[in-house]
Amino acid sequence: AYITKDAIPATTTDGPIAYAPNIPPIIDNDSVAIRVDIQHKKITVANGVCFWAWTFGDSIPGPVLRVRVGQTIKFSMVNRSNLTAEVSPPMPHSIDFHAAMVDPHDKYRSINPGETLHFQWTANYAGVFMYHCGTPVILQHMISGMTGMIIVEPEAGFPGKVDKEFAIVQNEYYLKPKGDSLYETDVTSARNRQPMFVTFNGKSKQYVQQPLEVKAGDRVRLYVLNTGPNLTSSFHVVGTIFDKVWIDGNPKNEFRGMQTVLLGSSNGAIVEFIVPEKGTYVFVDHSFASVEQGAVGLIEAK
Amino acid sequence: AYITKDAIPATTTDGPIAYAPNIPPIIDNDSVAIRVDIQHKKITVANGVCFWAWTFGDSIPGPVLRVRVGQTIKFSMVNRSNLTAEVSPPMPHSIDFHAAMVDPHDKYRSINPGETLHFQWTANYAGVFMYHCGTPVILQHMISGMTGMIIVEPEAGFPGKVDKEFAIVQNEYYLKPKGDSLYETDVTSARNRQPMFVTFNGKSKQYVQQPLEVKAGDRVRLYVLNTGPNLTSSFHVVGTIFDKVWIDGNPKNEFRGMQTVLLGSSNGAIVEFIVPEKGTYVFVDHSFASVEQGAVGLIEAK
Amino acid sequence: AYITKDAIPATTTDGPIAYAPNIPPIIDNDSVAIRVDIQHKKITVANGVCFWAWTFGDSIPGPVLRVRVGQTIKFSMVNRSNLTAEVSPPMPHSIDFHAAMVDPHDKYRSINPGETLHFQWTANYAGVFMYHCGTPVILQHMISGMTGMIIVEPEAGFPGKVDKEFAIVQNEYYLKPKGDSLYETDVTSARNRQPMFVTFNGKSKQYVQQPLEVKAGDRVRLYVLNTGPNLTSSFHVVGTIFDKVWIDGNPKNEFRGMQTVLLGSSNGAIVEFIVPEKGTYVFVDHSFASVEQGAVGLIEAK
Ligand SMILES: [Cu+2]
Ligand SMILES: [Cu+2]
Ligand SMILES: [Cu+2]
Ligand SMILES: [Cu+2]
Ligand SMILES: [Cu+2]
Ligand SMILES: [Cu+2]
Ligand code: NA
Ligand code: NA
Ligand code: NA
Ligand code: NA
Ligand code: NA
Ligand code: NA
Ligand SMILES: [Zn+2]
Ligand SMILES: [Zn+2]
Ligand SMILES: [Zn+2]
Ligand SMILES: [Zn+2]
Ligand SMILES: [Zn+2]
Ligand SMILES: [Zn+2]
Ligand SMILES: [Zn+2]
Ligand SMILES: [Zn+2]
Ligand SMILES: [Zn+2]
């Protein structure tokens, strides 16, 4: 890895990225350039609840990335935390890809505000992997929003054909009030594993207000990632059964006919199910305190 | 689904049902009628601890149901919560079968006191599935006792022959004192994931007082379900090893030689083990705080 | 099982034992004698934090034991808790091997201070198993340090060749201050599942100070055990991917390409990974509150 001081690019990301629940298209080259910059940014977690987050790209979770086994990822990342210095103190950050096999001491090093980090790595295993900031206190960086999903496809793509696919990233928020609708992160409740919110794709109950859309009869594939940072997820879709579950997103780790998939903190999964009829399906963390804290969404089947 | 207002039947259940740890016989037809009514009823959770529960049938957990892949279940359910209106306010309830593939908005609708719900569904996947009330606040309905197990057999039955089989449903109670031995549900501790009791088949340590009975040399099959609503279960039997574990009760999801099976909230499993000699075996949630809170039982081998 | 009153042996252990992270050599006989005595002993949990522990052998965790499927283990254990009676009250203790199939009422009985327990058992299943004291209140005995790992090899050994292997036992400490650097166990926080420390091989962050040593290119095998007593472990190594994971240490339960393995309380696993280059890798419980509480170590690759 090496560090440069470049001009700040016009956009915060570059490459095969999309914002969850969307999945980006794959880029069909031996190597692929990806840039994901870090910002300090105000993020809305629930109606009437926002906080100054630290983000990859523009959002919590960070952008969904998608590569293929065998591809070399030419990665770069600008620490833009100095750009909002008047409201959020700039600080070092880093990135740790669970999909990579590299020396963390080298590639996952922290960079200062205004610096650009460069390193490359090759994807060896298919799956649904986590990435996150690894700068101490890591727990603080995670609860500040620095987590995301990278999908690594097998060389021949994931087996089987599906009609719809979505990315679902689960995370916990640990916040305390700071004034009006503004909150700040709370390491104490994070150490006690007592979240204030548990959400899908970063905002409490967002897919209750805006359901995911499918059709009756569709085979749906969800790329699911539990970024924690602390709790397990008992991921479940009300009204259907998972025909296939691939633990950590690897088709070699297949379960069939599952009602619920249990994911550790930083476990991924691909789940596939048939939508049996028109209706409104509900995805939850079936650890139901999490539903009360925001981990519920709808899938509307026309 | 449709709703009627019928006369209240003489019994609270009908069909292939039994009360855990018992397993009902299968009914060998293409379709099977099942009725499980809802009551408000005082339930004893531990010696000296009772509360006004909301139940499927007469008990916590609700009755064990047993059907076969391919069978059509003609289901009906009477909301009898008006029958004890003088002590427990009547209210809407519903049922969500994890074994079914149906529109939740339609089939899992809430019905009012005195109403009967009717819907039918076909069992597509073998396994050990949860059912529960899905009426908001769902967490409140779950901790009030509205959870149970439905077993779906493969078309040719579960593979292999066993000598004894039992159903074990794990659940958490979240209660606070109301006076004398009477308690009431406590949504605050449920949201904090801090249970007062964790039990097998609804009553703390009941199988310490009345052990399950087997014989030395028996191959024993347990149908295990963790209904949560919040915690995982690290299910274990002291003195033996699980020869086979089928996650969510599906023989395709087989593990061998397991000391402990980890179940998410609403995961099932079938576990099989040999009873090596005469003696007293102990089943626990090996998350040992749960043992202190009631999740311990005995298997006596003569 | 039978109990004798013998002279106290000169050493606290005998047989195929080692102290984690080390793995003992196998003894190539049909039967193998193992002795692990119980002591009350002051143990250091973190810099500036010690307590009067109850231990198997000389340490927390107890010694790593290693046997083979088919071997008969001739086990004995002296309760030496009377030897430090002036500072820690002597008391009954016992041992429960998750690798054994025996009547717990007989073999896992409690013995008094000064007594020696004798029983034998045969290893039937390969894996990475827990042992622990089973004397009530078991939760108290576990948080006092009475847990350890026993490895059972398949008859032909574990498949595949590796370059390095280590044993990693995760546990939680529940302590409260007693004076200066002295602490004592706290059953209340243990019942609330709120640990003070989470450690690998018994001491907070010990492998940050003294990393495990490997070489770039090595295939490394870790024998991992989560002794709890309460929490799951989301075991992960930063900078690599688990090429193989065998749940509960049984090669029949294989996963491939895993970023993280989720272990229940008393689940084991064997994980194998390639060290991709020179560097510093980090093993954690990726439930990151646990990292803050001590569950982090380094692997240095030269
Ligand atoms: Cu950061
Ligand atoms: Cu990580
Ligand atoms: Cu209800
Ligand atoms: Cu459910
Ligand atoms: Cu003990
Ligand atoms: Cu145990
Ligand atoms: Na949501
Ligand atoms: Na369902
Ligand atoms: Na019990
Ligand atoms: Na056992
Ligand atoms: Na450590
Ligand atoms: Na990694
Ligand atoms: Zn950071
Ligand atoms: Zn459901
Ligand atoms: Zn509908
Ligand atoms: Zn209800
Ligand atoms: Zn045990
Ligand atoms: Zn006995
Ligand atoms: Zn003990
Ligand atoms: Zn990592
Ligand atoms: Zn390095």
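Residues numbered from 1 in each chain as written. Chains lettered and ligands numbered in written order. Predicted model: local features only at pLDDT ≥ 70, side-chain atom pairs only at ≥ 80, totals over all residues. Heavy atoms only, no water.

Concerning the overall build of chain A
Scanning chain A from terminus to terminus reveals five helices and 25 strands. The C-alpha radius of gyration computed for chain A amounts to 19 Å, which stays within 12% of the reference 19 Å derived for 302 residues, consistent with globular compactness. Across its three principal axes, chain A shows a C-alpha extent of roughly 55 × 50 × 30 Å. Per-residue burial over chain A gives 69% buried out of 302 residues. Excluding contacts between residues fewer than 6 apart, the proportion of contacts in chain A whose partners are at least 24 apart in sequence is 72%. Placing the 26 positive and 29 negative side-chain charges of chain A at their respective mean positions leaves the two points 1 Å apart. (Helix = DSSP H or I, 4+ residues; strand = E, 2+ residues; numbered from the N terminus. Rg over C-alpha atoms; globule rule 2.2 N^0.38 Å. Buried < 20%, exposed > 50% of the residue type's maximum accessible area, 1.4 Å probe, protein only. Contact = heavy atoms within 4.5 Å. Lys, Arg positive; Asp, Glu negative; His and termini not counted. Charge placed at Lys NZ, Arg CZ, Asp CG, Glu CD.)

Examining the coordination of the copper ion (ligand 6)
Bound to the copper ion (ligand 6) are the protein donor atoms B:His286 (NE2), C:His98 (NE2) and C:His132 (NE2), situated 1.9 to 2.0 Å from the metal. Between the copper ion (ligand 6) and the zinc ion (ligand 17), a separation of 2.5 Å is found, and both are coordinated by C:His98. With B:His286 in the loop between strand S24 (279-285) and helix H5 (289-292) and C:His98 in the loop between strand S9 (96-97) and helix H1 (104-107), this residue pair bridges two chains. Judged by its relative accessible area of 1%, B:His286 is buried. The class for C:His98 is buried, based on a relative accessible area of 1%. (Donors = N, O, S within 2.8 Å, 3.2 Å for Na, K, Ca; no water.)

Overview of the relation of the copies chain A and chain C
Taken together, a rotation about one axis and a shift along it account for how the two chain copies relate. In screw terms, the move from chain A to chain C is a rotation of 120° and a rise of 0.0 Å along the axis, fitting with an RMSD of 0.0 Å. Expressed as a symmetry operation, the mapping of one chain copy onto the other fits a three-fold axis. Take the interface residues of chain A: only 10% of them recur as interface residues in chain C, which is what a contact between different surfaces looks like. (Least-squares fit on C-alpha atoms with pLDDT ≥ 70 in both.)

So, the interface of chain A and chain C
With 41 residues of chain A at the contact, the number on the chain C side is 34 residues. In this assembly, chain A packs against chain C so that about 3,000 Å² is buried in total across both faces, 52% of it on carbon and sulfur atoms. Per-residue buried area on chain A facing chain C is highest for A:Met101, A:Tyr125 and A:Arg193; these three make up 22% of the total on that side. There are one salt bridge connecting chain A and chain C. The salt bridge involving A:Lys107 is made with C:Glu277; its shortest N-O contact spans 2.8 Å. For the pair chain A and chain C, the interface holds 27 residue pairs in polar contact (both at pLDDT 80 or more). Going through the elements one at a time, helix H1 (104-107), strand S11 (127-132), helix H2 (138-143), helix H3 (187-191) and strand S22 (260-263) of chain A are the ones with two or more residues in the side of chain A that touches chain C. In terms of residue count, S11(A) provides more of the side of chain A that touches chain C than any other element does, four residues in total. Residues that form the side of chain A that touches chain C fall into these classes: 20 nonpolar, 14 polar and seven charged. (Buried area = accessible area lost by both parts, 1.4 Å probe. Salt bridge = Lys/Arg side-chain N within 4 Å of Asp/Glu carboxyl O. Polar contact = N/O pair within 3.5 Å; in protein donor to acceptor, adjacent residues only side chain to side chain. Nonpolar A, V, L, I, M, F, W, Y, C, P; charged D, E, K, R; others polar.)

Details of the domain arrangement of chain A
All names here are of chain A. Each assigned domain of chain A is listed with its residue range as follows: domain 1 (2-153) and domain 2 (168-301). Relative placement of domain 1 and domain 2: their C-alpha centres are 21 Å apart. With 30 residues of domain 1 at the contact, the number on the domain 2 side is 37 residues. Across the interface of domain 1 and domain 2, roughly 2,700 Å² is buried in total on both sides, 71% from carbon and sulfur atoms. Ranking the residues of domain 1 by area buried against domain 2 places Val 45, Val 128 and Ile 143 at the top, with a combined share of 23%. In this structure, the connection of domain 1 to domain 2 is made through zero salt bridges. For the pair domain 1 and domain 2, the number of links is five residue pairs in polar contact (both at pLDDT 80 or more). At the level of elements, strand S5 (38-46), strand S6 (49-56), S11, H2 and strand S12 (147-153) are the ones that each hand at least two residues to the side of domain 1 that touches domain 2. Looking at the side of domain 1 that touches domain 2, its residues break down into 20 nonpolar, nine polar and one charged. (Domains from an automatic or database assignment.)

Overview of the pattern of salt bridges
Residue and element names in this part refer to chain C. Across all of its chains, the model carries 48 salt bridges over all chains by this definition. Here Asp 37 makes a salt bridge to Arg 35, at a shortest N to O gap of 2.7 Å. We classify Arg 35 as buried; its relative accessible area is 11%. Note that Asp 37 is salt-bridged to Arg 80, the shortest N-O span being 2.7 Å.

Observations regarding the sheet that holds strand S14 (residues 175-179) of chain C
Residue and element names in this part refer to chain C. Read across the open sheet, the four strands follow the order S5-S6-S15-S14; overall the sheet is mixed. Either end of the sheet is taken by a strand with one partner, and the two such strands are strand S5 (38-46) and S14. With strand direction ignored, the average angle separating the axes of adjacent strands in the sheet is 40°. Bridging between S14 and strand S15 (residues 182-185) involves four bridges; their strand directions are antiparallel. Bridge pairing links Pro 177 to Tyr 183 in S15. (Pairing = 2+ DSSP bridges. Axes fitted to C-alpha atoms, helices over the stretch in contact; angles between N-to-C directions.)

Brief notes about the nonpolar core
In a soluble, globular protein the nonpolar side chains are often hidden away together inside. In terms of nonpolar packing, the biggest core is built from 84 residues, with A:Phe235, B:Leu222, B:Phe235 and C:Phe235 touching the most fellow members. If near-sequence neighbours (up to four positions away) are discounted, C:Phe235 is found in contact with C:Ile168, C:Phe200, C:Leu222, C:Val224, C:Phe242, C:Gln259, C:Thr260, C:Val261, C:Val271, C:Phe283 and C:Val284. (Core = buried A, V, L, I, M, F, W, Y, C linked by side-chain atoms within 4.5 Å.)

Some details on the packing of aromatic side chains
Considering all chains together, one arrives at 51 aromatic pairs over all chains under this definition. Taken together, a centroid distance of 5.0 Å and an interplanar angle of 85° make the contact between B:Phe75 and B:Phe97 edge-to-face. A residue pair is termed long-range when its members are at least 10 positions apart, and B:Phe75 in strand S8 (residues 72-78) and B:Phe97 in strand S9 (residues 96-97) qualify at 22 residues. For the pair shown, B:Phe75 and B:Phe97 are each scored as buried. Through successive ring pairs, a cluster of aromatic residues spans A:Phe56, A:Phe75, A:Phe97, A:Tyr108, A:Phe119, A:Trp121 and A:Tyr131. (Phe/Tyr/Trp six-rings, centres within 6.5 Å; stacked < 30°, edge-to-face > 60°.)

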